[in-house]
Amino acid sequence: MVKKVNLSKDSRPGSLQGPEGEFASPDSRLEIFQEITLGLNSTLEPMKLLEVLLDSSIRYTGATTGSVILLEGDTLRIVASRGLGQDVQEKVALRIGEGITGWVAKHGEALCVPDVRREERYVMVKEHIRSELAVPMILENRVVGVISVDSTSEDNFSDQDLELLTIVGTQAAQILENAQSFSELKRRNVQDETLLEISQALGSSLVFEELFSQVSEILARRCELSQCFLVLVQPDSDELKISLAYGMTEEEMAKGQYARGEGIVGRVVESGEPIGVRDISREPKFLGRTGAFRVGSEQMTFMAVPISLEGKIVGVLGGAKPFHGDKEFDQDMALLQIITGTLAQAVKIYQDAAAEREQLLEENRMLKAELRERYNFEGIVGNSPAIQAIFQTIVSVAPTRSTVLIRGESGTGKELIANAIHYNSPRAEGPFVRVNCAAIPEQLLEAELFGYRKGSFTGAISDRKGKFVVADGGTIFLDEIGDMSPMLQAKMLRVLLERVVDAVGADMPMAVDVRVIAATHHDLEKLVQDGGFREDLYYRLNVVPIAVPALRDHSEDIRLLAQHFLEKFALENETPQLKLGKDVLREFMAYSWPGNVRELENLIVRAVILCEGTTIHAANLPPLRDDVHSAPQGRTEQGFDSSVSEHFRELLGSSASRNIWADTMEVVERTLLSEALGSCDGVRLRAADLLGIHRNTLRKKADEFGL
């Protein structure tokens, strides 16, 4: 039997008798109350008060174990215990009227059970318990809890123990009420101060990320939130993900993705109601997907509150913290709801800004992708050897920073080739700046290219960057460079040699990292010979020359180009794609195309607009006959001979081909097949009969040439 502490060694009449026949005097009894009172007054935390109360009760009654039970509605919940074990405290929950403590809570009377084995009302919690003493905690005729002490010995508690605990219980109820009132007042003050500090933070920053960080730090400091997060709701998506967070890593944030109705966050968005979890380890709907809310030795709570604006849920504000009781939990939930009300407008502005920023980024990505698609090799149409040779040159020169000189008649697609070089180079992410040297007056071209300083000439009211500075890190395309004046040619030579530009009116040159691609339709060699173009600049520009043939010199590509422009028009205007009649193809093949590919595209667009059916006929075209090509069925024999001779000279001076006979015959065969198929609307059997060859021969050659 566990013996009670000797209260006094005095044995005067009228004193309280101890378990070994010794009695405690009234003075000693008063000393007990004073000690308990001092212990209760040592802290204002309700839970710590209950622990002090329980320790004193066990010590002065000689009990083995004990517990303090508080009423929560019709349920009794153990809030403090000694000797029962954590599992008993968490799992045992009696209702009013159930067991010894339930009976005491229901009737408001103390009860001493000398032998629990003979008491039907006793609920077995520990098998070794033999006697129990339970007293109510009464406040204003209302039972707020029960103090229960147990012993492993029978008949361990005396009437004096019962009287002592009854007085302690009543006193503890009042002290507990005062402590709870003080704690609640303190929490309200903290809440008011928190809201005041958050309201001040709202006006301190226009950047929402900074605002959220400040609010989270305030909640962490004043309310002990270990993590805080914001989930934004996208109107056109069911996917929910953490946008901003405090106390979480980027990896943890990335894992925080949910569907509507999934987990706590998804349920808040779906229902529009706040959800709080007192113990995340016991809530199956808490997914714990991020891994940030780890369950340790202490009980962790989780709170998620909707952010509503104009009747719509625009986001969810949530957080986690250690559990400190139901009242604090409820107050924290209420505080978060107040905060979401103040943050709603800021969240909506941030959400709109984020959506607009994402839209701009997406548009930027789409534009870059469109530029790459437009100016990659798929954008340059042609199967002729001349075009294939250009493809090979682009592949070779694009990865370098070498200067390129593109030559050819107007409308042949020189700018298209310059774009292809840039967007297939390491500088593709850098700027691509175009300057038409023939379209800008000479007195303005220098300022346009190199920039100027404020006050350097009349009208220069501020500094202006030149195109070379704008193109820094990228490519500058100088079209029609043959029209540049000798003075500017000298400055261009300095840029190419020293990689610096001299702005008009500047004292110091500025270094630039720019790739130069130049183009011209002039015969630069003749200009150099006549003194109209600097020879040294010519050699600096002509590092990698690309000669773009006129359309009449690769007429076998006309059919492909026409088909390409038809597809392009249909795609851009979202209209059905039209077809070309065989009479139109004959007209195209007979024309000299002085405007080259640009003229062909304009003609196709005009024909599509004027055509009323599904097939474009010659009637939809303007007259295309010219003096050079007057024969209706194609080129004259002399024109054909000239073309073959020109093709021979190109191959003779090129390193791309070492088999002149095979290359020339390939051009002839491809041209004949293309013409025949065009005349027969693509029917191979008819084209074979027209050419007088076997259909298997035509099929093999057509497949080989991709016709």
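About the cut-offs
- Residues numbered from 1 in each chain as written.
- Predicted model: local features only at pLDDT ≥ 70, side-chain atom pairs only at ≥ 80, totals over all residues.
- Heavy atoms only, no water.
- Helix = DSSP H or I, 4+ residues; strand = E, 2+ residues; numbered from the N terminus.
- Buried < 20%, exposed > 50% of the residue type's maximum accessible area, 1.4 Å probe, protein only.
- Contact = heavy atoms within 4.5 Å.
- Areas by Shrake-Rupley, 256 points an atom, 1.4 Å probe, with all protein chains shown as cover.
- Phe/Tyr/Trp six-rings, centres within 6.5 Å; stacked < 30°, edge-to-face > 60°.
- Pairing = 2+ DSSP bridges.
- Axes fitted to C-alpha atoms, helices over the stretch in contact; angles between N-to-C directions.
- 1 Å grid on protein atoms, 1.4 Å probe; cavity = no way out; pocket = protein on both sides within 12 Å on 5 of 7 lines; lining within 4 Å.
- Points joined across faces, edges and corners; volume = space filled by probe spheres on them.
- Nonpolar A, V, L, I, M, F, W, Y, C, P; charged D, E, K, R; others polar.
- Parallel < 35°, antiparallel > 145°, perpendicular 65-115°, else oblique.
- Left-handed = near helix turned anticlockwise from the far one by under 90°.
- Core = buried A, V, L, I, M, F, W, Y, C linked by side-chain atoms within 4.5 Å.
- pLDDT = per-residue confidence, 0-100.
- Salt bridge = Lys/Arg side-chain N within 4 Å of Asp/Glu carboxyl O.

1. Structural notes on the overall build of the protein
Step number 1: The helix and strand tally for the protein stands at 23 helices and 25 strands.
Step number 2: A burial count over the protein gives 44% of its 707 residues as buried.
Step number 3: Counting only contacts in the protein whose residues sit at least 6 apart along the sequence, the fraction spanning at least 24 positions is 62%.
Step number 4: Accessible surface for the protein amounts to roughly 36600 Å². Of this, 51% is attributable to carbon and sulfur atoms.

2. Looking at the packing of aromatic side chains
Step number 1: By the definition in use, this model includes eight aromatic pairs.
Step number 2: Here the aromatic rings of Tyr423 and Phe432 are separated by 6.1 Å at their centres, their planes lie at 45 degrees, and the arrangement is tilted. Of the two residues examined, Tyr423 and Phe432, each falls in the buried class.
Step number 3: With a centroid separation of 6.5 Å and 15 degrees between ring planes, the pair formed by Phe432 and Phe477 is classed as stacked. Taken as a pair, Phe432 in strand β16 (residues 432-436) and Phe477 in strand β19 (residues 475-479) lie far apart in primary sequence, 45 residues in all.
Step number 4: You can call Phe432 buried: its relative accessible area is 11%.
Step number 5: Judged by its relative accessible area of 1%, Phe477 falls in the buried class.
Step number 6: The structure contains a cluster of three or more aromatic residues connected by ring pairs, namely Phe229, Phe286 and Phe302.

3. Brief notes about the environment of Leu71
Step number 1: In this fold, Leu71 is placed in strand β3 (residues 65-72).
Step number 2: With a relative accessible area of 23%, Leu71 lands in the partly exposed category.
Step number 3: Along the primary structure Leu71 and Ala105 are separated by 34 residues, whereas in three dimensions their C-alpha atoms are 8.1 Å apart.
Step number 4: Setting aside chain neighbours within four positions, we find Leu71 in contact with Leu76, Ile96, Ala105, Val143, Val144 and Gly145.

4. Description of the sheet that holds strand β22 (residues 515-520)
Step number 1: Pairing is parallel across the open sheet formed by five strands, whose spatial order is β16-β19-β22-β15-β23. What marks the edges here is a single partner per strand, and that holds for β16 and β23 (544-547). Going from strand to strand, the sheet's axes swing by 15 degrees on average, the running direction of each strand aside.
Step number 2: Of the pairings in the sheet, the one linking strand β15 (residues 404-407) to β23 comprises four bridges and is parallel in character. Note on β23: the bridge partner recorded for Val404 is Val544.
Step number 3: Packing against the sheet, helix α10 (residues 385-397) makes contact with β15, β22 and β23, and its axis sits at approximately 155 degrees to β23.

5. Notes on the sheet that holds strand β13 (residues 300-309)
Neighbouring strands of a sheet are bound in pairs by backbone hydrogen bonds; such pairs are parallel or else antiparallel.
Step number 1: Read across the sheet, six strands follow the order β11-β10-β9-β14-β13-β12 without closing on themselves; strand pairing throughout is antiparallel. Strands at the two margins of the open sheet, each flanked by one partner only, are β11 (257-259) and β12 (275-277). Averaged over all adjacent pairs, the angle separating strand axes in this sheet is 20 degrees, with direction ignored.
Step number 2: Bridge analysis of strand β10 (residues 239-246) against β11 gives three bridges, and the strand direction is antiparallel. Pairing of Lys241 across the sheet is with Gln257, part of β11.
Step number 3: Most of the contacts of helix α6 (residues 208-223) go to β10, to which it runs at about 65 degrees, and overall it touches β9 (227-233), β10 and β14 (312-322).
Step number 4: On the sheet, helix α8 (residues 263-271) packs against β9, β10, β11, β12, β13 and β14 and is oriented at approximately 30 degrees with respect to β13.

6. Concerning empty space enclosed by the protein
Step number 1: Here the structure, examined in full by the defined rule, presents six cavities of 30 Å³ or more.
Step number 2: Looking at the largest cavity, it is lined by 20 residues, and the ones nearest its centre are Ser67, Leu94, Thr101, Val125 and Glu132.
Step number 3: Of all elements in the fold, only β3, β4 (75-82), β5 (93-95), α4 (99-107) and β8 (142-151) reach the threshold of two or more residues within the lining of the largest cavity.
Step number 4: With three residues, β3 is the largest single contributor of residues to the lining of the largest cavity.
Step number 5: In terms of residue class, the lining of the largest cavity is made up of 13 nonpolar, four polar and three charged.

7. Points about the packing of helix α22 (residues 684-691) against helix α23 (residues 695-705)
Step number 1: Running from N to C, α22 and α23 point in directions that differ by 110 degrees, and their axes come no closer than 9 Å. By the angle class used here, α22 and α23 are roughly perpendicular. Remark: the crossing between α22 and α23 carries right-handed chirality. On α23, the residues that touch Arg684, Leu685, Ala687, Ala688 and Leu691 of α22 are Arg695, Leu698, Arg699, Ala702 and Asp703.
Step number 2: A breakdown of the residues in the contact of α22 with α23 according to their chemical character gives six nonpolar, no polar and four charged.

8. Side note on the nonpolar core
Step number 1: Membership of the largest hydrophobic core comes to 30 residues, with the highest contact counts inside it found for Phe208, Leu219, Leu230, Leu317, Ile339 and Val347.
Step number 2: When residues of this core are assigned to their parent elements, the largest contribution, ten residues, is made by helix α9 (residues 326-375).
Step number 3: Dropping the residues within four chain positions of it, Leu317 is found in contact with Phe212, Cys228, Phe229, Met303, Ala304, Val305, Ile307, Leu336, Ile339, Thr340 and Leu343.
Step number 4: Residues Val469, Leu478, Met484 and Leu488 belong to the second largest nonpolar core, which totals 29 residues.

9. Considerations on the confidence of the model for the protein
Step number 1: Mean pLDDT over the protein stands at 79; residues scoring 70 or higher make up 80%.
Step number 2: Note on residues 1-25: pLDDT is under 50 here. Beyond four places in sequence and across chains, it has 44 contacts.
Step number 3: Across residues 627-638, confidence stays below pLDDT 50; counting only partners more than four residues off in sequence or on other chains, it has eleven contacts.

10. Things to note about the pairing of β19
Step number 1: For β19, a buried count of five out of five residues is recorded, marking the element as mostly surrounded by other parts of the structure.
Step number 2: Of the two faces of β19, the one carrying Thr475, Phe477 and Asp479 and the one carrying Ile476 and Leu478 are both buried.
Step number 3: As judged from the five bridges shared by β16 and β19, these two strands associate in the parallel manner. Considered in β19, the bridge of Arg434 is made with Phe477.
Step number 4: Pairing of β19 with β22 involves four bridges; the strand directions are parallel. Of the residues in β22, the one forming a bridge with Thr475 is Arg515.

11. Focus: the pattern of salt bridges
Step number 1: Using the criterion set out here, one finds 25 salt bridges in the structure.
Step number 2: The shortest N-O distance in the salt bridge between Asp115 and Arg117 comes to 3.3 Å.
Step number 3: Residue classification places Asp115 among the buried positions, given a relative accessible area of 12%.
Step number 4: Across the salt bridge formed by Arg534 and Asp536, the nearest N and O atoms sit 2.9 Å from each other.
Step number 5: Residue classification places Asp536 among the partly exposed positions, given a relative accessible area of 33%.
Step number 6: Residues joined in a network through salt bridges with shared partners are Asp115, Arg117, Arg118 and Glu154.

12. Quick word on unusual backbone geometry
Step number 1: We note that Asp155 has phi near 50 degrees; this positive angle belongs to a residue other than glycine.
Step number 2: Residue position: Asp155 is located in the loop between β8 and α5 (159-202).
Step number 3: Residue class for Asp155 comes out exposed when judged on its relative accessible area of 52%.
Step number 4: Not every positive phi belongs to a glycine, and Glu574 is a case in point at roughly 50 degrees.
Step number 5: Following the sequence through the fold, Glu574 ends up in the loop between α17 (558-573) and β24 (579-580).
Step number 6: Among the residues examined, Glu574 registers a relative accessible area of 74% and is labelled exposed.

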